[in-house]
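# Fold and geometry: a report
Listed below are the residues making up each chain.
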Amino acid sequence: MISLEEAREKILGSVSPLLLEKVNILDALGRVIGEDIHAGRAIPPKDNSSMDGYALRAKDTRGASPEKPVILDVVEDIPAGAIPSKKVGTREAARIMTGAPIPEGADAVVRVEDTRREDGRAAILVEAEEGQDIRLAGEDVREGEKVIARGEIIRPAEVGMLAALGRSFILVHQRPLVAVVATGDELVDIDEPPSPWKIVSSNSYSLAALVKDCGGIPLQTGIARDRREDLIEKFRSAMRADLIVSSGGVSVGDYDLVKEIMQEVGNSMQFWRVAMRPGRPLAFGTLGQVPIVGLPGNPVSSMVSFEQFVRPAILKMLGYQNLFRRTVRARLDEGIEKKQGLRYFIRANIRRDGEDYVAVTTGEQGSGILKSMVRANGLIVVPEEAATVPAGTWVTVQILDDSLDWTPRLGS
Ligand code: AMP
Ligand code: MG
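Residues numbered from 1 in each chain as written. Chains lettered and ligands numbered in written order. Predicted model: local features only at pLDDT ≥ 70, side-chain atom pairs only at ≥ 80, totals over all residues. Heavy atoms only, no water.

### As for the site of ligand 1
- Lining the immediate environment of ligand 1, one finds 17 residues, of which Ser201, Ser202, Asn203, Gly249 and Gly297 sit closest.
- Between ligand 1 and Ser201 there is a distance of 2.9 Å, counted from a nitrogen atom to a side-chain nitrogen or oxygen.
- When the free accessible area of ligand 1 is taken as 490 Å², the share hidden by the protein chains comes to 77%.
- In a pocket analysis with a 2 Å cut-off to the grid points, ligand 1 is assigned to the largest pocket.
- Those elements that provide at least two residues to the shell around ligand 1 are β13 (177-183), β15 (199-200) and α3 (202-213).
- Grouping the constituent residues of the shell around ligand 1 by class yields five nonpolar, 10 polar and two charged. (Near = heavy atom within 4 Å. Polar contact = N/O pair within 3.5 Å; in protein donor to acceptor, adjacent residues only side chain to side chain. Areas by Shrake-Rupley, 256 points an atom, 1.4 Å probe, with all protein chains shown as cover. 1 Å grid on protein atoms, 1.4 Å probe; cavity = no way out; pocket = protein on both sides within 12 Å on 5 of 7 lines; lining within 4 Å. Sits in = over half its atoms within 2 Å of the grid points. Helix = DSSP H or I, 4+ residues; strand = E, 2+ residues; numbered from the N terminus. Nonpolar A, V, L, I, M, F, W, Y, C, P; charged D, E, K, R; others polar.)

Quick look at the structure:
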């Protein structure tokens, strides 16, 4: 049995960021860019007005006040997107809209609220300073400036910036194809009629959903029966993926053949069993060049183990630097009893209590109680050496659900 850190190191050591592919910027959302982006143009391209008002020469407004306005001739109207056709001379102004280019000769804009229209001329009611309400060319981005660096994650802001620069396609790391192989004679697929001695292979779906959720492409290979030929066939077909996850068949039962087949097909079982609960019987090896993580079959174990090992591996393949879930410190609402020597991951609901977070377990913690995951938004991590953790103790919690954040789940 090895520690969680050792296991994680071995698994993460077996994967690297995938090659790059060219994708449309909207498809790049959440992906890691594989090139530096230098601005091919300045933003904004020209000096322009940040207000609706009048473009004029600041020195013409000296002494202007509501009682003693300065009266200027209006030479033209410049809507946004138009090209100014006239120069603004002394004691002249151009009516200008937000975003429209500043005409030659003008060095300031006075917003319309500080003016009056009088007989077709502009009465300016305030003194303007040079440069007032003008956005300078290149004030957002200078031509040639590096705006996005290789390795950064593309978020909506980056998508907007790329669009502003006229970049519709960029290079990002490919998404890993992750094969999901369920094993077990007791399993049926979702649409098959259930019977009292069969169960739906929910892991095929929860694991595929986890793959999708962290940016991988799930490849559902279906259910392998607990027979050598069937397992070998399913594993062989899974070898076209970048990563394989299987569920079940890694315990010590007579029909737990996954470790054996891993050894036979890949000849490289690297470890079996990790000092954690749930998820102790985890096997890891490679089939050809493809890493295979043999997750335990119990629905909670397979999900919790996926969180600790597979999710970080997929994120690494996607090019992410930060591979692990956010953690917070939370006050335990009830006491926990555990076995020493194993790290526990206890399904919990984390909620806010004033400035603090409080962790409440989601009830029955058996590794077959999938409801304990359904109700959880975090995992309380209890260290190996602990045996009893009294209520009120501050514990570390892995946050599973940033989108729902602190919304209470059903039944909690
Ligand atoms: P195993 O490690 O293969 O003995 O599986 C342990 C238990 O996990 C089995 O008795 C099933 O109840 C459950 N199990 C295994 N595979 C799946 C699956 N694909 N979906 C849901 N439950 C499963
Ligand atoms: Mg089984």
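From this point on, the discussion continues.
### A short note on the side chain of Asp226
- Tracing the sequence through the fold places Asp226 in the loop between β16 (217-224) and α4 (228-238).
- Nearest to the buried, unbridged Asp226 among oppositely charged side chains is Arg225, at 7.2 Å.
- Among residues more than four places away in sequence, those in contact with Asp226 are Thr183, Gly184, Asp185, Glu186, Tyr255 and Leu257. (Buried < 20%, exposed > 50% of the residue type's maximum accessible area, 1.4 Å probe, protein only. Lys, Arg positive; Asp, Glu negative; His and termini not counted. Salt bridge = Lys/Arg side-chain N within 4 Å of Asp/Glu carboxyl O. Contact = heavy atoms within 4.5 Å.)

### Considerations on the sheet that holds strand β6 (residues 92-96)
- Sheet architecture is open: six strands sit in the order β7-β4-β6-β5-β9-β8, paired in mixed fashion. Looking at the sheet topology across the chains shown, the edges are occupied by β7 (108-111) and β8 (115-118). Pairwise comparison of adjacent strand axes, ignoring direction, gives a mean angle of 40° for this sheet.
- Sheet topology note: the strand β4 (residues 53-56)/β6 ladder contains four bridges and is antiparallel. (Pairing = 2+ DSSP bridges. Axes fitted to C-alpha atoms, helices over the stretch in contact; angles between N-to-C directions.)

### Observations concerning the environment of Asn377
- Turning to its location among the elements, Asn377 is positioned in the loop between α7 (371-374) and β26 (378-382).
- Here Asn377 falls in the buried class, since its relative accessible area comes to 1%.
- As a C-alpha pair, Asn377 and Gly138 span 239 residues in sequence and 45 Å in three-dimensional space.
- In terms of polar contacts, Asn377 uses its side chain to reach the backbone amide nitrogen of Ile350, at 2.8 Å.

### What to know about the sheet that holds β16
- Ordered by their spatial adjacency, six strands build an open sheet running β16-β13-β17-β21-β20-β18, and the pairing between neighbours is mixed. Two strands bound the open sheet, and with one partner strand each, they are β16 and β18 (269-272). Across this sheet, the average inter-strand angle for adjacent strands is 20°, counted without regard to direction.
- Looking at chain direction, β13 and β16 are connected through six bridges and run parallel. Its bridge partner lying in β16, Leu177 is registered against Ile217.
- With respect to the sheet, α4 is in contact with β13, β16, β17 (243-247), β20 (283-287) and β21 (290-295), its orientation differing from that of β16 by roughly 170°.
- In the packing of helix α5 (residues 258-266) onto the sheet, contacts are made with β13, β17, β18, β20 and β21, and the angle to β20 comes to roughly 25°.

### Topic: the environment of Ala238
- Tracing the chain through its elements places Ala238 in helix α4.
- Given a relative accessible area of 0%, Ala238 falls into the buried group.
- When the C-alpha atoms of Ala238 and Leu287 are compared, they prove to be 9.3 Å apart, with 49 residues separating the residues in sequence.
- When near neighbours in sequence (up to four residues on either side) are disregarded, Ala238 contacts Ala179, Val181, Thr221 and Ile244.

### Here we look at the packing of aromatic side chains
- Scanning the model with the defined rule gives one aromatic pair in all.
- Ring plane angle 35° and centroid distance 5.7 Å describe the contact between Phe271 and Phe284, whose orientation is recorded as tilted. On the criterion of sequence distance, the pair formed by Phe271 in strand β18 and Phe284 in strand β20 is long-range, its members being 13 residues apart. Residue Phe271 shares its accessibility class with Phe284, and that shared class is buried.
- Lying over the aromatic face of Trp272, Lys259 brings its terminal NZ or CZ to 4.1 Å of the ring centre.
- The ring of Trp272 carries Arg273 above its face, with NZ or CZ at 4.7 Å from the centroid. (Phe/Tyr/Trp six-rings, centres within 6.5 Å; stacked < 30°, edge-to-face > 60°. Lys NZ or Arg CZ within 6 Å of the ring centre and 35° of its normal.)

### Focus on the pattern of salt bridges
- Evaluated as defined, the whole model comprises 16 salt bridges.
- Between Arg31 and Glu21 there is a salt bridge, with the nearest N and O atoms lying 2.6 Å from each other. Note that Arg31 is positioned in the loop between β1 (20-24) and β2 (37-38) and Glu21 in strand β1, a separation of 10 residues in sequence.
- Classification of Arg31 by relative accessible area gives buried; the value is 8%.
- The class for Glu21 is partly exposed, based on a relative accessible area of 29%.
- The shortest N-O distance in the salt bridge between Arg228 and Glu264 comes to 2.2 Å. On the criterion of sequence distance, the pair formed by Arg228 in helix α4 and Glu264 in helix α5 is long-range, its members being 36 residues apart.
- Taking the relative accessible area as the measure of exposure, Glu264 reaches 47% and is therefore partly exposed.
- Through salt bridges that share partners, Glu5, Arg343 and Glu384 make up one connected network.

### Quick look at the packing of helix α1 (residues 4-13) against helix α6 (residues 299-317)
- In contact at an axis separation of 10 Å, α1 and α6 are set at 30° when each is read in the N-to-C sense. The chirality of how α1 crosses α6 is right-handed. Here α1 contributes Leu4, Ala7, Arg8, Ile11 and Leu12 to the contact with α6, which in turn contributes Gln308, Phe309, Pro312, Ala313 and Lys316. (Left-handed = near helix turned anticlockwise from the far one by under 90°.)

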